[in-house]
Number of protein chains: 2
Amino acid sequence: MDALLKEITAIVGASNVLTGEDVSARRADWLTGAPCRAGAIVRPGSTSELAAVMRVCHAARQPVVTHGGLTGLMHGAEADPDELAVSLERMTAIEAVDPVSATLTVQAGAPLESVQQAAEAVGLQFALDLGARGSCTIGGNIATNAGGIRVIRYGMMRQQVLGLEAVLADGSVVSSMNRMLKNNAGFDLKQLFIGSEGTLGIVTRAVLRLHPPTPDVQTALVACPSFEDLTGLLGHLGRSLGGSLAAFEAMWQSHYRLLTQESGRHTPPLSPEAPFYVLFESLGSDPESHGTQFALALERALEDGLISDAVLAQSDSQRQGLWSIREDIEGLIQALSPLLAFDVSLPIPEMHRYVATLEEALAHDWPQGRMVTFGHLGDGNLHISITVGTADPAARRAVEHLVYTPLAKLGGSVSAEHGIGLEKRNYLGLSRTPEEITLMHTLKRALDPHGLLNRHKVLAPKQG
Amino acid sequence: MDALLKEITAIVGASNVLTGEDVSARRADWLTGAPCRAGAIVRPGSTSELAAVMRVCHAARQPVVTHGGLTGLMHGAEADPDELAVSLERMTAIEAVDPVSATLTVQAGAPLESVQQAAEAVGLQFALDLGARGSCTIGGNIATNAGGIRVIRYGMMRQQVLGLEAVLADGSVVSSMNRMLKNNAGFDLKQLFIGSEGTLGIVTRAVLRLHPPTPDVQTALVACPSFEDLTGLLGHLGRSLGGSLAAFEAMWQSHYRLLTQESGRHTPPLSPEAPFYVLFESLGSDPESHGTQFALALERALEDGLISDAVLAQSDSQRQGLWSIREDIEGLIQALSPLLAFDVSLPIPEMHRYVATLEEALAHDWPQGRMVTFGHLGDGNLHISITVGTADPAARRAVEHLVYTPLAKLGGSVSAEHGIGLEKRNYLGLSRTPEEITLMHTLKRALDPHGLLNRHKVLAPKQG
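Residue numbers run consecutively from 1 along every chain, following the written order of its sequence. Whichever chain is written first becomes A and whichever ligand is written first becomes 1, with later ones labelled in order. Local features in this predicted model are restricted to residues of pLDDT 70 or higher, and side-chain atom pairs are both shown and tallied only at a pLDDT of 80 or more, whereas totals for entire chains, interfaces and linings draw on every residue. The basis for every side-chain value is the complete set of non-hydrogen atoms in the structure, without hydrogens or water.

Engineer: How should I be thinking about the overall build of chain A in this particular structure?
Structural biologist: The helix count covers DSSP runs of H or I at least four residues long, the strand count covers runs of E at least two residues long, and both are numbered beginning at the N terminus. The secondary structure content of chain A amounts to 17 helices and 16 strands. We compute the radius of gyration from the C-alpha atoms alone; for a globule the expected value is 2.2 Å times N to the 0.38, where N is the number of residues. Over its C-alpha trace chain A gives a radius of gyration of 23 Å, about what one expects of a compact globule, namely 23 Å for 464 residues. For chain A, the spread of C-alpha atoms along the three principal axes comes to 70 × 55 × 40 Å. Only protein chains enter the accessibility calculation, which uses a 1.4 Å probe; a residue is then buried when its area is under 20% of its type maximum, exposed when over 50%, and partly exposed in between. In chain A, which comprises 464 residues, the share counted as buried stands at 57%. For chain A, the share of sequence-separated contacts (at least 6 apart) that also reach a separation of at least 24 residues comes to 71%. We call two residues in contact whenever any of their non-hydrogen atoms come within 4.5 Å of each other.

Here it is as structure tokens:
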């Protein structure tokens, strides 16, 4: 690698090629906190520098891993000592904001939060939001097609990207910096790079779509008497709120009870006897008309028996209080240690039976085990938290098997929003057909014939 | 082709292989009305029949053109005598509707209208709508990434597709029938087939996203004193209507005046002296709160001077009357014969200068020529109608040159929503970089190495 690093140093400058302790002082991963093991970390300052770096890496058949904010959960940014990490940390500029077209042009290393702020500065909003907003980067959000809690209303990261620029494995620059909502001039190449976790190209810049602001936020926590009422409520809110419903976060009783009554971490805003709870939120413009509409929708849901109890947030601090229950990951980690966390999706009507069956199977195999469930129900996305009292890899694999296997029959997904990385690579076949996986390999081979980009992530090495 | 047709007949049955007059009796194209020139038309009844047909075509290196509703405008379904047309007309089933998950599973040959009706039957709506709804098919909508008038709110066809199934050139079936809003398990393969105009695969089935109904429709036609006010109005409505703005159809004075005062086809609802007119529409659920919000937004726009005059539709027939001006293509054809129609997109702030410069250039080169402009302004999409008094191909090319060339510098697109087909193939390089076009060829070669699917469409044959 030394000769190569000399060439790369000539491109980016010595201060932008990190080796030795400068590498190991960095974490590989938010989750494990383990030190970065890459052979070196290169920090290009521009697309053309990165392209030049990739040209020499391509010539030397040097594998490369891209680093954004390293907040992913699937070990998608892990690097081996024979790999080079490319960090986009110097490419953080917000290059342009067009408030009329409602677009923003940004370099891939910019933190999500800086984009949100730049949008707000011109009276607009960027729709994607995540807990990691301060450290995750736009490039990482694109590479993993980040989701979050507003997907019902605004879609995932894919829907926020109008255009992008990527450097391919051979160093060629594909610049698809479209700025329009409508552009059907040829194949929509940007789609290749969104959600493919850095395996097909390195995203360097993007044009993002902005949205009008929705200053009026209405939030409620309600109790539902049955799963049927839960889905009935989702339909009712969709119809009543005219498309402004932005979050519909369901909590199974187990989840709600654990984080309120049992842990003592939150005073239960509603008594914890209902089988389901939902935290839902609607985003509107005018407080008066939107507030009236929201209250009316809530009232009708009560009248129709879709909900048995409700609390409507009357202030921002009440709203934060309701969200703090749903977002209390710390509480889950404390109570369910060692925690096995799962992110799956499946058609909504199948969820109740899926969760119940999984609970039974888990209780059978692991009598000491415990499981609680919440999810972005409107998106088909469940987050399941399990402990079986051990972090032993074999136990973990056994639990994964219980969680993932039933999804195949239901047309579900082993990864709703976290991606595949290394972590779920071996389960990809449960959610995708052999023909799909073959086509993924075809694409990988076409764009990166030497397999240099984020090697072995998403797709397990193919036999033969 | 005869030996091949024998094999194909064994797969689909004699009644589903059309030749001779049964082929020429069909139109190749909605636009020209010319007879279909394909060597034969094959009508598979299922995905597996189509897969078997493609396997024999692949073995025989037989080029294939897919036929949906034949309502495209770019000659994307034209077939030569040495090509086989595959019509999806027997695959029209709506296979499943899941009102809880708000999804619908359909075969690709189903007309758009049948999907809209099936969605309505369960109290939901399908967001895409086009004039050709009765004859265009879902497969065609997907292959061309159809747009329409509600793109600001719901996005294009791409955003309506959760999953799809496609048959590749070699007859393999890629079934990506995802039904969830969130699914990050591996590459999002469906994106390859959306908007690639049948060149990478034949779409056979799809899972579509449905939306809650928006029964309250508020529509207004307004006059704008300047382009700055026009874009100011777009921003104002975005902010005031909390995301329910669904259409923002701008008409330049030339367009409005031609279709009202001059043609006498429509009584002008507003006097035709303003430089710009906008027909905008908002879709809500509750008539009372939505109606109040809409009226208030209109009132503020008047107060702020963003609009100089307005008419609010008070009934469905008034609404239809307003739309009939904007949608009067017949009026354009009569007044601007022979009509050269263009569908381009560009960043909104550039539009005014682009149109003015184009008008000047046209007046210079064609003193007898005439041009009027309207567009889905919020999407960056302009439809420009031009006549220069002749349909001579050289004249047409000269006008195309005037319309398309300036787009390159502005980051605009030679095709906002109609696609490329054969029609705009030679202008693709104005909107896409050489590296992008190289990558399109790479994809084409990877998925269809013998170039059998919709040959020579979108991408001109590559040299060397």
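Anyway, onward from the coordinates.
Engineer: Quick question: what am I supposed to make of the domain arrangement of chain A here?
Structural biologist: Accessible area lost during the coming together of the parts is what is often quoted as the interface size. All names here are of chain A. These domain limits were set by an automatic method or by a database of domain assignments. Segmenting chain A into domains produces domain 1 (2–87), domain 2 (94–209), domain 3 (216–329) and domain 4 (337–431). The distance between the C-alpha centroids of domain 2 and domain 3 comes to 31 Å. Facing six residues of domain 2, the contacting portion of domain 3 comprises 10 residues. Note on domain 2 versus domain 3: buried area summed over both sides is about 630 Å², and carbon and sulfur give 61% of it. By convention, the term buried area covers the 1.4 Å-probe accessible surface removed from two parts as they join, with the contributions of both added. Looking at the side of domain 2 facing domain 3, the largest losses of area belong to Ile149, Ile152 and Arg153, adding up to 85% of the total buried there.

Engineer: I would appreciate a short explanation of the UniProt feature "domain: FAD-binding PCMH-type" (unreviewed entry) in chain A in the present structure.
Structural biologist: UniProt positions are given in the numbering used here, feature names are shortened, and annotations may be inferred rather than shown by experiment. When the UniProt feature table is mapped onto this chain numbering, "domain: FAD-binding PCMH-type" (unreviewed entry) sits at residues 34–213 of chain A. In residues 34–213 of chain A, helix accounts for 23% and strand for 22%; the two terminal C-alpha atoms are 40 Å from one another.

Engineer: I'm lost on the interface of chain A and chain B in this one. Help?
Structural biologist: Each side of the interface is counted separately: chain A has 85 residues, and chain B has 85 residues. Together, the buried faces of chain A and chain B total about 6400 Å²; carbon and sulfur atoms form 61% of this surface. If you sort the residues of chain A by the area they bury against chain B, Lys182(A), Asn184(A) and Phe187(A) come out on top, with a joint share of 16%. Basic side-chain nitrogens of Lys or Arg form a salt bridge, by our definition, when they fall within 4 Å of a carboxyl oxygen of Asp or Glu. The interface formed by chain A and chain B holds six salt bridges in total. Definition of a polar contact: a pair of N or O atoms within 3.5 Å, with one able to donate and the other able to accept a hydrogen when the atoms are protein atoms, and with sequence-neighbouring residues admitted only if both atoms are side-chain atoms. The tally of links from chain A across to chain B stands at 48 residue pairs in polar contact (both at pLDDT 80 or more). Broken down by secondary-structure element, the contributors of at least two residues to the side of chain A that touches chain B are helix 6 (151–154), helix 7 (157–160), strand 8 (173–176), helix 8 (190–193), helix 9 (227–240), helix 11 (287–303), helix 16 (428–431) and helix 17 (434–447) of chain A. Ranked by residue count, the leading element in the side of chain A that touches chain B is helix 17 of chain A, at eight residues. Of the residues that constitute the side of chain A that touches chain B, the class distribution is 34 nonpolar, 37 polar and 14 charged. Under the scheme applied, nonpolar residues are Ala, Val, Leu, Ile, Met, Phe, Trp, Tyr, Cys and Pro; charged residues are Asp, Glu, Lys and Arg; polar residues are all the others, including Gly.

Engineer: So what exactly am I meant to see when it comes to the relation of the copies chain A and chain B here?
Structural biologist: A rotation about an axis combined with a shift along that same axis relates the two copies of the chain. Here the copies were fitted onto each other by least squares, based on C-alpha atoms from residues at pLDDT of at least 70 in both. Overlaying chain A with chain B gives an RMSD of 0.0 Å, the required rotation being 180° about an axis along which the chain moves by 0.0 Å. Between the two chains, the operation in question is that of a two-fold axis. Judged by C-alpha distance, Ser289(A) is the residue of chain A that lies nearest the rotation axis, at 2.8 Å. The share of interface residues of chain A whose copies in chain B are also at the interface is 100%, consistent with both copies meeting through the same surface.

Engineer: Any chance you could explain the sheet that holds strand 3 (residues 64–67) of chain A here in plain terms?
Structural biologist: Two orientations exist for strands paired in a sheet by backbone hydrogen bonds: parallel and antiparallel. Residues and elements named next belong to chain A. By this definition, two strands are paired if DSSP reports at least two bridges between them. Reading across from one edge, 1-2-4-3 is the order of the four strands in this open sheet, with mixed pairing throughout. The sheet is open, and its two edges are formed by strand 1 (17–18) and strand 3, each paired on a single side. Summarising the sheet, strand 2 (residues 40–42) and strand 4 (residues 84–87) pair through three bridges and their orientation is parallel. Bridge pairing in strand 4 places Ile41 opposite Ala85.

Engineer: Looking at this structure, how should I read the sheet that holds strand 7 (residues 161–167) of chain B?
Structural biologist: Residues and elements named next belong to chain B. Ordered by their spatial adjacency, five strands build an open sheet running 5-6-9-7-8, and the pairing between neighbours is antiparallel. At either margin of the open sheet sits one strand with a lone partner, and together these are strand 5 (94–98) and strand 8 (173–176). Going from strand to strand, the sheet's axes swing by 10° on average, the running direction of each strand aside. Most of the contacts of helix 4 (residues 112–121) go to strand 6 (residues 103–107), to which it runs at about 150°, and overall it touches strand 5, strand 6 and strand 9 (202–209). To get an axis, a line is fitted to the C-alpha atoms, and for a helix only the part in contact is used. The angle between two axes follows their N-to-C directions and goes from 0 to 180 degrees.

Engineer: In this structure, what is going on with a nonpolar patch on the surface? I would like to understand it.
Structural biologist: Taken together, the side chains of Ile94(B), Val97(B) and Val122(B) present a nonpolar region at the surface, about 170 Å² in accessible area. Mapped onto the elements, Ile94(B) comes out in strand 5. Patch membership requires over 30% relative accessible area and the absence of a salt bridge. Like charges are linked within 9 Å, and nonpolar side chains (Val, Leu, Ile, Met, Phe, Trp, Tyr) within 5 Å. Computed with the Shrake-Rupley method and a 1.4 Å probe, the accessible areas treat only the protein chains shown as cover for residues.

Engineer: Looking at this structure, I do not really get the packing of aromatic side chains. What am I missing?
Structural biologist: Where two aromatic rings form a pair, the distance of their centres and the angle of their planes describe that pair. Side-chain rings of Phe, Tyr and Trp, where Trp is taken by its six-membered ring, are said to pair if the distance between their centres is within 6.5 Å; with planes under 30 degrees apart they count as stacked, over 60 as edge-to-face, and otherwise as tilted. Within the structure shown, the criterion is met by 14 aromatic pairs over all chains. For the pair Phe227(A) and Trp252(A), a centre-to-centre distance of 6.3 Å together with 45° between the ring planes defines the contact as tilted. Of this pair, Phe227(A) sits in helix 9 while Trp252(A) is found in strand 11 (residues 245–252), placing the two residues 25 residues apart along the sequence. This pair shows no difference in class: Phe227(A) is buried, exactly as Trp252(A) is. Between Tyr404(B) and Tyr427(B), the ring centres sit 4.8 Å apart and the planes meet at 50°, which makes this aromatic pair tilted. A residue pair is termed long-range when its members are at least 10 positions apart, and Tyr404(B) in helix 15 (residues 393–410) and Tyr427(B) in the loop between helix 15 and helix 16 (428–431) qualify at 23 residues. Accessibility expressed as a relative area gives 14% for Tyr427(B), which makes it buried. Each member of the aromatic cluster is reached from another via a ring pair, and the members are Phe227(A), Trp252(A) and Phe276(A).

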